[in-house]
Amino acid sequence: GGAMPLDVVAAEAALGRLGETMGLGAVETAWAIHQIVNENMAGAVKIHVIEKAQDPRRYALLAYGGGGPLHATGVARALAIKTVICPPAAGVASAVGLLVAPNALELARSYPVLVDGLDWGEIAALYRAMETQAHAALAEAGVSPEHVQFERSVDGRFAGQLHEINIALPPGLLTDGDAGPLLDQFRERYAVLYGHLPRGIPIEFLSWRLTARGPRPPLRLPHAEPGGDDPTPALKGHRNVYWSDHAGFVSTPVYDRYALRPGMRVPGPAIVEERESTTVVGPTMHAELDAAMNLLVHLGE
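The shown structure was predicted, so the numbers you read here are calculated from the model rather than taken from an experiment. (Residues numbered from 1 in each chain as written. Predicted model: local features only at pLDDT ≥ 70, side-chain atom pairs only at ≥ 80, totals over all residues. Heavy atoms only, no water.)

> Just checking my understanding: could you explain the overall build of the protein for this structure?
A tally of regular secondary structure across the protein gives seven helices and 13 strands. Judged by the C-alpha coordinates and their principal axes, the protein covers about 75 × 45 × 35 Å. A burial count over the protein gives 36% of its 301 residues as buried. By sequence separation, contacts in the protein at least 24 residues apart represent 60% of the contacts at least 6 residues apart. Only carbon and sulfur atoms are counted for the fraction: they give 56% of the accessible area of the protein, which is about 17,400 Å². Between the centroid of the 24 positive side chains of the protein and the centroid of its 33 negative side chains there is a distance of 1 Å. (Helix = DSSP H or I, 4+ residues; strand = E, 2+ residues; numbered from the N terminus. Buried < 20%, exposed > 50% of the residue type's maximum accessible area, 1.4 Å probe, protein only. Contact = heavy atoms within 4.5 Å. Areas by Shrake-Rupley, 256 points an atom, 1.4 Å probe, with all protein chains shown as cover. Lys, Arg positive; Asp, Glu negative; His and termini not counted. Charge placed at Lys NZ, Arg CZ, Asp CG, Glu CD.)

> Help me understand helix α5 (residues 120-140) in this model?
The periodicity of an α-helix, 3.6 residues per turn, causes residues three or four places apart in sequence to face the same way. Relative to the 30 Å expected for 21 residues at 1.5 Å per residue, α5 spans 31 Å between its end C-alpha atoms, a close match to the ideal helical length. For α5, the complete set of buried residues consists of Trp 120, Ile 123, Ala 124, Leu 126, Tyr 127, Met 130, Glu 131, Ala 134 and Leu 138. All buried residues of α5 project into a common sector of 150° when viewed along the axis, lining one side. Away from its buried face by more than 90 degrees, α5 exposes Arg 128, Thr 132 and Glu 140. Tucked inside the fold, the buried residues of α5 contact β3 (104-114), β4 (149-158), α6 (173-176), α7 (180-194) and β6 (203-213). Phi turns positive one or two residues past the end of α5, at Gly 142, with a value near 90°. (Expected span 1.5 Å × (residues − 1). Arc of directions from axis to C-beta.)

> Any chance you could explain the sheet that holds strand β11 (residues 278-281) here in plain terms?
Two orientations exist for strands paired in a sheet by backbone hydrogen bonds: parallel and antiparallel. Read from one edge to the other, the open sheet built from four strands follows the order β7-β8-β10-β11, with strand pairing classed as mixed. Only two strands of the sheet have a single neighbouring strand rather than two, namely β7 (235-243) and β11. Going across the sheet, the axis of each strand differs from the next one's by a mean of 30°, ignoring polarity. The pairing of strand β8 (residues 248-256) with strand β10 (residues 270-273) spans three bridges and is classified as parallel. (Pairing = 2+ DSSP bridges. Axes fitted to C-alpha atoms, helices over the stretch in contact; angles between N-to-C directions.)

> Just checking my understanding: could you explain a nonpolar patch on the surface for this structure?
Together, Leu 18, Met 22, Leu 24, Ile 33, Val 37 and Met 41 make up a nonpolar patch on the protein surface, roughly 460 Å² of accessible area in all. The greatest single-element share of the nonpolar patch, amounting to three residues, is contributed by helix α2 (residues 26-51). Its place among the elements puts Met 22 in the loop between α1 (8-20) and α2. Judged by its relative accessible area of 47%, Met 22 is partly exposed. (Patch = residues over 30% accessible without salt bridge, like charges linked within 9 Å, V, L, I, M, F, W, Y side chains within 5 Å. Salt bridge = Lys/Arg side-chain N within 4 Å of Asp/Glu carboxyl O.)

The following block contains the structure:
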């Protein structure tokens, strides 16, 4: 947000020494570092979406963390993503998540057994013991028993395999003892993950799991009245910013995010500052604030 002084001379000296080893100046070295970081993050996203059999171009990119909005448009461009969402207070997203997460704990009991040897009375006893433990732990956090919700699951595999997959226990399973829905669910999940089903191999269940949660704390999101499309009231000034698109430094408007209102349109190139992070709006891009105070950056061609 501009409140912390930065030592430009020291930064240039450090980057200059690094750049000398590569035949680059301080500015070119800084830009190269920035690009490497962007490409590393884009590469990680590609691996993730490929594993999920998805196309990143179908999605928007959510930027969080102190440095997320600084790199997000570069990462989005590398992935051919057209929209970046920068939520308010992105730099403290983890802290916000901690404050609004429900009190919860996960418990597990090891009870390896082939499907033909399932003893539902034994399994029900395991879950009763875990539920008693969960109620006691959540009570210490101020959660009354009537507000606790349970989710039950089990790790299963085809006998002899190294890895298991986790599947939810169908409702009523512990009382009626019908393993059919559980086996169907396991096979369906296995086929989705691996594309085939082994034949003639028994199914084995290993760890029986319980997740217990209390109610989610209330969350009030920021809100502001629309302010038209002119962002001039939020303009803090101009600063020389290096844009590779323009082959050098350009006098760039800097906006105060807290003064932006829904509907205001910020043309690129621009910098949007807040206490927790800085959002970069590159040339050929534009940004606008939505009703939930998210800064949406739209990438041009």
